[in-house]
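Residue strings, one per chain:
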Amino acid sequence: MALAVGRESLADHTHRFSPKKYTQPQLFACLVYMAMIRADYRGCEAHLKDLPAIREWIGIEKVPDHSTLHRAAQRFFGAGVTEKLLTATVKLMMGRRRIIRRAAADSTGLEAGHRSAYFVRRRARGQKEAKNPLYQTTSYTRFPKLSVLVDCDNHMILSVLVGAGPKPDINDLQGLLSGLPSGV
């Protein structure tokens, strides 16, 4: 599926003078495999060296170096390319179907800094011992927020919206619906 999505949405090569060792869809398939096995770039390189069947399935004879995979990941995970990849995934998964019976939207806040949850709990516990336990002096700053729209039948992500929180989820619904691929 990753190879098909890559072929649908990525050019074979980034530049006419780029070395023609690997195509962009092949590198994307390697990165999806890396995420599937939960490995880092060097671990993915080692897996691909050990498993010729995976290399044959992706269509590569020589294993890409870990630095090649890293540079490919930096190219693929920009906003424009990610949107193309998600659109191609949704279109391939849905096939001829154009109606989604049930969809759900939800969001989550992400950590943006180095402050741990343990530190926040410890600081809040210290505030409870103050004179007025109802008043909390711990302040929280804005954080990255990820909102997704998901097809409830097969758990496929249909649309993604990245923003800053805290804010109500209902404000993100219009953006999620407008981010659906055309024809869905």
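Conventions and cut-offs
Residues numbered from 1 in each chain as written. Predicted model: local features only at pLDDT ≥ 70, side-chain atom pairs only at ≥ 80, totals over all residues. Heavy atoms only, no water. Axes fitted to C-alpha atoms, helices over the stretch in contact; angles between N-to-C directions. Helix = DSSP H or I, 4+ residues; strand = E, 2+ residues; numbered from the N terminus. Parallel < 35°, antiparallel > 145°, perpendicular 65-115°, else oblique. Contact = heavy atoms within 4.5 Å. Nonpolar A, V, L, I, M, F, W, Y, C, P; charged D, E, K, R; others polar. Core = buried A, V, L, I, M, F, W, Y, C linked by side-chain atoms within 4.5 Å. Buried < 20%, exposed > 50% of the residue type's maximum accessible area, 1.4 Å probe, protein only.

Caption draft 1: Molecular detail of the packing of helix α2 (residues 24–36) against helix α3 (residues 41–50). Between α2 and α3, the shortest axis-to-axis distance is 10 Å and the interhelical angle comes to 105°. By the angle between their axes, α2 is roughly perpendicular relative to α3. Residues Cys-30, Leu-31, Tyr-33 and Met-34 of α2 touch α3, and the partners they reach there are Tyr-41, Cys-44, His-47 and Leu-48. A class-by-class count of the residues in the contact of α2 with α3 yields seven nonpolar, one polar and no charged.

Caption draft 2: Focus on the nonpolar core. By size, the foremost hydrophobic cluster in this structure holds 23 residues, and its most contacted members are Phe-28, Leu-31, Leu-48 and Phe-76. At the level of secondary structure, the elements contributing two or more residues to this core comprise α1 (2–9), α2, α3, α5 (66–76) and α6 (79–94). Ranked by residues supplied to this core, first place goes to α2 with seven residues. The contacts of Leu-48, once residues within four sequence positions are left out, are Cys-30, Tyr-33, Ile-54, Arg-55, Ile-58, Val-63 and Pro-64.

Caption draft 3: Here's a closer look at unusual backbone geometry. The omega torsion of the bond from Gly-165 to Pro-166 falls at 0°, within 30 degrees of zero and hence cis. For Pro-166, the location among the structural elements is in the loop between β3 (157–165) and α8 (173–178). For Arg-38, which is not a glycine, the phi torsion comes out positive at approximately 55°. The topology assignment puts Arg-38 in the loop between α2 and α3. Since its relative accessible area comes to 79%, Arg-38 is described here as exposed. For His-155, which is not glycine, the phi dihedral falls at a positive 60°.

Nothing here speaks to function; it is geometry throughout.
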